[in-house]
Amino acid sequence: MKNLILLGAPGSGKGTQSQLLVERLSYKHISTGNLLRSEIEKKSDLGLRVKEVMDAGKLVSDELVEELLKANLKLEDDSYIFDGYPRNLDQAKTLTGILGHHDYTALFFKLDTEKLVERLKNRRVTKDGKYIYNLITNPPKTSGVCDVTGEPLIQRDDDKEEVVRKRMEVFEETINPVLSYYKDLGKFVEIQADNGLDKIYDEIVSKIN
Ligand code: AMP
């Protein structure tokens, strides 16, 4: 299976679709946001260094994220879904180097900003970010509790509206060169992210094969 690079604003559905792709096809999911949050949770040196930047909705330094990514990849053994990486052109070039001879497709999840803000305000997740719900469009069966693990659902600190707007701004400033980069390489497909979960999933599967 080809590796998949998911590109899209926060809240565009990358994490949710990753979860489906992991369950139904045997991809491994790698989310730099989840890896960073887990470092913060562990109170590691790296976690302490990145917390303030993340709380403000800004990007962590390319070097730190690259280090964390490389430490968590086994490209010879598995096909990965890259979620939240790359965030800018330098990271895209770095990832091309990391992937080497391993093939990939970049999928861009397209959705307008106001819908994204609305989605993020209603997003609730498990502490590790693995299971994702939306209070309106994809609520858990029991309010406030994960259907799969039974643990409490939380709102991420950076899903509060002011931080969400900052994250959108950062995304819009940095993403266009990344999209052009993958288009020029002939590795780019667009996904209409304004559909139901299953329809988006079907579109992804039809475009990666
Ligand atoms: P995410 O869970 O992908 O929305 O990421 C949450 C936060 O983690 C972002 O707002 C950034 O502060 C940081 N982050 C995640 N991935 C990256 C990345 N590839 N480069 C820089 N910062 C990142």
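Below is a summary of the structure that appears in this document.

The rules we used
- Residues numbered from 1 in each chain as written.
- Predicted model: local features only at pLDDT ≥ 70, side-chain atom pairs only at ≥ 80, totals over all residues.
- Heavy atoms only, no water.
- Salt bridge = Lys/Arg side-chain N within 4 Å of Asp/Glu carboxyl O.
- Helix = DSSP H or I, 4+ residues; strand = E, 2+ residues; numbered from the N terminus.
- Buried < 20%, exposed > 50% of the residue type's maximum accessible area, 1.4 Å probe, protein only.
- Contact = heavy atoms within 4.5 Å.
- Polar contact = N/O pair within 3.5 Å; in protein donor to acceptor, adjacent residues only side chain to side chain.
- Phe/Tyr/Trp six-rings, centres within 6.5 Å; stacked < 30°, edge-to-face > 60°.
- Lys NZ or Arg CZ within 6 Å of the ring centre and 35° of its normal.
- Core = buried A, V, L, I, M, F, W, Y, C linked by side-chain atoms within 4.5 Å.
- Pairing = 2+ DSSP bridges.
- Axes fitted to C-alpha atoms, helices over the stretch in contact; angles between N-to-C directions.
- Parallel < 35°, antiparallel > 145°, perpendicular 65-115°, else oblique.
- Nonpolar A, V, L, I, M, F, W, Y, C, P; charged D, E, K, R; others polar.
- Near = heavy atom within 4 Å.
- Areas by Shrake-Rupley, 256 points an atom, 1.4 Å probe, with all protein chains shown as cover.

Considering all chains together, one arrives at 19 salt bridges under this definition. A salt bridge links Arg165 to Glu114; its shortest N-O distance comes to 3.3 Å. Of this pair, Arg165 sits in helix α7 (residues 161-184) while Glu114 is found in helix α6 (residues 113-121), placing the two residues 51 residues apart along the sequence. We classify Arg165 as partly exposed; its relative accessible area is 37%. Note on Glu114: relative accessible area 48%, which makes it partly exposed.

Right, let's get into the environment of Lys14. Position of Lys14 among the secondary structure elements: in helix α1 (residues 14-24). With 99 residues separating them in the primary sequence, Lys14 and Thr113 have C-alpha atoms 15 Å apart. For Lys14, the residues in contact, after removing those within four places along its chain, are Leu6, Leu7, Gly8, Ala9, Asp83, Gly84 and Phe109. In this structure the side chain of Lys14 is engaged in a polar contact, spanning 3.3 Å, whose partner is the backbone oxygen of Ala9.

Evaluated as defined, the whole model comprises four aromatic pairs. Geometrically, the ring pair formed by Tyr181 and Tyr182 is edge-to-face, given 5.2 Å between the ring centres and 75 degrees between the ring planes. Joined through ring pairs, the aromatic side chains of Tyr104, Tyr181 and Tyr182 make up one cluster. Over the ring of Tyr104 we find Lys187, and its NZ or CZ is 5.0 Å from the ring centre.

A separate point is the nonpolar core. Ranked by internal contacts, the top residues of the largest apolar core, which has 54 residues, are Ile5, Phe82, Leu95, Leu107 and Tyr182. For this core, the leading source of residues is α7, giving eight residues. In this view, Tyr182 contacts Ile5, Leu7, Pro86, Ala92, Leu95, Tyr104, Ala106, Lys187 and Phe188; residues no more than four positions away in its chain are not counted.

This next bit is on the sheet that holds strand β7 (residues 188-192). Pairing is parallel across the open sheet formed by five strands, whose spatial order is β2-β3-β1-β4-β7. Looking at the sheet topology across the chains shown, the edges are occupied by β2 (28-31) and β7. The average angle at which neighbouring strand axes cross in this sheet is 25 degrees, direction not considered. In the sheet, strand β4 (residues 104-110) pairs with β7 via five bridges, with the strands oriented parallel. The partner of Leu107 across the bridge, within β7, is Val189. Across the sheet, α1 touches β1 (3-8), β2, β3 (80-83) and β4, and the angle it forms with β3 is around 170 degrees.

Attention shifts here to the packing of helix α2 (residues 32-42) against helix α4 (residues 62-71). When two helices pack together, you describe them by how their axes are tilted relative to each other and by the distance separating the axes. For the pair α2 and α4, the least separation of the axes is 10 Å and the interaxial angle reads 95 degrees. Accordingly, the angle class assigned to the pair α2 and α4 is roughly perpendicular. Within the contact between the two elements, α2 uses Thr32, Leu35, Leu36 and Glu39 and α4 uses Val65, Leu68 and Leu69. Looking at side-chain class alone, the contact of α2 with α4 contains five nonpolar, one polar and one charged residues.

A separate point is the site of the ligand. By nearness alone, 16 residues border the ligand, and Thr32, Arg37, Lys58, Gly84 and Gln91 come closest of all. Contact distances for the ligand include 2.9 Å between an oxygen atom and a side-chain N or O atom of Arg37. Between the ligand and the protein, one listed contact pairs a nitrogen atom with a backbone N or O atom of Gly84 at 2.9 Å. Look at the ligand: alone it shows 480 Å² of surface, and the protein chains cover 96% of it. Looking at the shell around the ligand, the element that brings in the most residues is α2, giving four residues. Residues belonging to the shell around the ligand are distributed by class as follows: six nonpolar, four polar and six charged.

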